[in-house]
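Analysis of the macromolecular model
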Amino acid sequence: QVQLVESGGGLVQAGGSLRLSCAASGRTFSSRTMGWFRQAPGKEREFVAIISWSGNTYYEDSVKGRFTISRDNAKNTVYLHLNSLKPEDTAVYYCTAGAPYDRNYFRASDYNNWGQGTQVTVSS
């Protein structure tokens, strides 16, 4: 198991930017796919972006070109840069980690490790 702690959420106006961070425990960070999902009130947790252990990135269509996922293996941290934010981006954002050297997954149900979440609120 790996412990995950997110930070960086907040309230921002439409068109603004935020950077979310997720710090992971342990020595296996570099071998894990890391991801961000989000959950709005009354909705299921949905895929936002993942970055594989080899550095490949994948994005949900509505965030392509606006969000960027990156990782710093020396700091055991994954980031999500959110630009051109829209009110529909409002949600709790959760960090997740896959198993070491496992394939990439895009469904929340495929992940067992989650952070506590960080709230992102975009006002119009």
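The preceding data block contains the structure.
Residues numbered from 1 in each chain as written. Predicted model: local features only at pLDDT ≥ 70, side-chain atom pairs only at ≥ 80, totals over all residues. Heavy atoms only, no water.

Counted by the stated rule, this structure contains nine aromatic pairs. On the numbers, 5.0 Å between centres and 85° between planes, the contact of Trp-53 with Tyr-101 is edge-to-face. In this pair, Trp-53 is assigned in the loop between strand 5 (46-51) and strand 6 (57-59) and Tyr-101 in the loop between strand 9 (91-97) and strand 10 (113-114), connecting sequence segments 48 residues apart. Ring plane angle 70° and centroid distance 6.2 Å describe the contact between Tyr-111 and Trp-114, whose orientation is recorded as edge-to-face. Given the relative accessible area of 24%, Trp-114 is considered partly exposed. Counting every residue linked through ring pairs, the aromatic cluster contains Phe-37, Phe-47, Tyr-58, Tyr-94, Tyr-105, Phe-106, Tyr-111 and Trp-114. Arg-45 extends its terminal NZ or CZ atom over the ring of Tyr-94, reaching a point 3.6 Å from the ring centre. Just above the ring of Phe-29 sits the side chain of Arg-71; from NZ or CZ to the centre is 4.7 Å. (Phe/Tyr/Trp six-rings, centres within 6.5 Å; stacked < 30°, edge-to-face > 60°. Helix = DSSP H or I, 4+ residues; strand = E, 2+ residues; numbered from the N terminus. Buried < 20%, exposed > 50% of the residue type's maximum accessible area, 1.4 Å probe, protein only. Lys NZ or Arg CZ within 6 Å of the ring centre and 35° of its normal.)

In short, the description is geometric, and any link to function would need to be established separately.
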